Structure formats: C-alpha cells, structure tokens
Amino acid sequence: MAPLEGTRPPRPGAVICDLDGTLVDTVPTRIDAWLRTFAEFGIDAERDHVASLIGSDGKWLAGQVAERTGRELAPDRAESIDQRAGEIYSELNTDPRPLPGVPEFLAALGETRLAWAIATSSRPDQVRASVTALGLDPWPTVVDGLAVEQAKPEPDLLFAAAARLEVPPATCWCVGDSRWDVLAASAAGMAPIAVATGASSATELGQFGATTVVERLDQLIPYLA
C-alpha cells in the first residue's frame, strides 16, 4: 500500500506517535468535552473551530477559543478550563477503540524492534483509558502534556519523547493526525508523517507541511524497514 500523498518517508530511527485521532478514535469525544467545558465557563464555542484545535496544548486551545469571542484568559483561568475539559473527557471516554490499521502498525513496530513512544498533549489522567484500549504489553513509553511547559504545536513534547527513547530527534518519524502534530514535527526537525483519521483532511495535512500522508497507519508498514 503506497502513501496517500507526498513522498516516500525515510526509514525511521524511532517513531513518535500522537494518541487521540492517530491511535484511538477519540477526537469526537474530545470535541464534545471541550464544548461542554466552554458552556460551563460561559464561553461561546463553535464545534468546527474547536475541532480544528484538537491536538494542541489545552491551555493554548482555551485561549484561542476565548480570543475569538473577544476575551483574554489569564493563565490560571486557562489552566482551570483545561483541567475541567480533561475531567469531562475522562467521564465521556468510556469505550475508546484503536483506529483501523493501528493494531497492525503497532505489531509491525514490535517486529522491527524500532523504539517508539506516544507523545500526547493530554494530561496523564486522560491517557490511561485510551492507551489501555491498544492492548499493549508491556505498557508503551508515554510522554504527556505535563512533561513540558508548552505542548503542541511547540516541539518540546517531541524533544522530550526523543530524549526518553535516547535517539536523535532528526532520526524520528512524528506520526499524527492534526496540523499541530505536523507543525511540532517540523519545528523539532522530525519527519512529519500524517494520518487522515482525525479532524483534518489529507489535503489539509499536506498543506500544513506533512511530507507523507496516509489514510490508515498500516499503510506505513512497508517503510519501517
């Protein structure tokens, strides 16, 4: 199976994967959690706008939505909104499922013995149910949003994941479903690989800078070795 769009990716020295919308089908749940949170805090939010921000740093996301209504959030207010969104998400995220092609891709990573990690902007208490749904043993390396001051689209989270894996960032694939993954990957000097299973289309992901875009992760298996 060939890439949907873009060029043949280089063989990776390690693979860093996003979680929501890349490995598990949780993007609609994320959107619902954010919309409920903004309603609680009296901030008008549009579903399409929130959808376009999924995958970015939660405090930054809150600020972007508030700014669109002419409001500026103080850091502690943005923190409260982000924390509440995580709480609501955890309540809603009762049955996450791996996306099509994910089990095959993760099995191939194991067979090739490539180092890999999950790098997610989410808080740690929001991660367990989704990672558990992947059915992995042993538990994978997970770097969450609390590991850095600024999560995606800043590259800090990806640098932290590469450091955990003890690999040079330039040898890594960064695999994600959103523009924020692509932007973070480019800023980190990693190969920006995108999968069109989240809120962004394949065309949009290419426009944001993804060098390779696939419809499902198992399309990447031929390029792992």
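Residues numbered from 1 in each chain as written. Predicted model: local features only at pLDDT ≥ 70, side-chain atom pairs only at ≥ 80, totals over all residues. Heavy atoms only, no water.

**Some points on the overall build of the protein chain**
Inference 1: For the protein chain, the helix and strand inventory stands at nine helices and seven strands.
Inference 2: In summary, the protein chain has a C-alpha radius of gyration of 17 Å against a globular reference of 17 Å for 225 residues, a match within 12%.
Inference 3: Structurally, the protein chain occupies a C-alpha span of about 50 × 35 × 30 Å along its principal axes.
Inference 4: Residues classed as buried in the protein chain amount to 52% of the 225 residues present.
Inference 5: For the protein chain, the exposed area adds up to about 9,900 Å²; of that, 48% sits on carbon and sulfur atoms.
Inference 6: One finds the centroid of the 18 positive side-chain charges in the protein chain at a distance of 2 Å from the centroid of its 32 negative side-chain charges. (Helix = DSSP H or I, 4+ residues; strand = E, 2+ residues; numbered from the N terminus. Rg over C-alpha atoms; globule rule 2.2 N^0.38 Å. Buried < 20%, exposed > 50% of the residue type's maximum accessible area, 1.4 Å probe, protein only. Areas by Shrake-Rupley, 256 points an atom, 1.4 Å probe, with all protein chains shown as cover. Lys, Arg positive; Asp, Glu negative; His and termini not counted. Charge placed at Lys NZ, Arg CZ, Asp CG, Glu CD.)

**Quick notes on empty space enclosed by the protein**
Rolled over the atoms, a probe sized like a water molecule indicates the empty space that remains.
Inference 1: This model, assessed by the stated rule, comprises two cavities of 30 Å³ or more.
Inference 2: Volume-wise, the largest cavity comes out at about 240 Å³.
Inference 3: Around the largest cavity, the lining is made up of 21 residues, and of these Asp20, Arg30, Gly55, Ser56 and Ser122 lie nearest the centre.
Inference 4: When residues of the lining of the largest cavity are traced back to their parent elements, those giving at least two are helix H1 (27-40), helix H3 (58-68) and helix H4 (75-92).
Inference 5: Tallying contributions element by element places H4 first for the lining of the largest cavity, with four residues.
Inference 6: Taken together, the residues that form the lining of the largest cavity break down as six nonpolar, nine polar and six charged.
Inference 7: Taken as a whole, the second largest cavity spans an internal volume of roughly 60 Å³.
Inference 8: Surrounding the second largest cavity, Asp57, Gly58, Lys59, Asp82, Ser121, Arg123, Gly145 and Leu146 form its lining.
Inference 9: Here the residues of the lining of the second largest cavity sort into one nonpolar, three polar and four charged. (1 Å grid on protein atoms, 1.4 Å probe; cavity = no way out; pocket = protein on both sides within 12 Å on 5 of 7 lines; lining within 4 Å. Points joined across faces, edges and corners; volume = space filled by probe spheres on them. Nonpolar A, V, L, I, M, F, W, Y, C, P; charged D, E, K, R; others polar.)

**Focus on unusual backbone geometry**
With the exception of glycine, most residues fall at negative phi, and the peptide bonds are largely trans.
Inference 1: Proline 138 follows aspartate 137 through a cis peptide bond whose omega is 10 degrees.
Inference 2: Counting through the fold element by element, proline 138 comes out in the loop between helix H6 (128-133) and strand E4 (141-143).
Inference 3: In this structure, the amide linkage connecting lysine 152 to the following residue, proline 153, adopts the cis form with an omega of 15 degrees.
Inference 4: Relative to the elements of secondary structure, proline 153 occurs in the loop between E4 and helix H7 (156-165).
Inference 5: In the Ramachandran plot, arginine 113 falls in the positive-phi region, its phi being about 60 degrees despite a non-glycine side chain.

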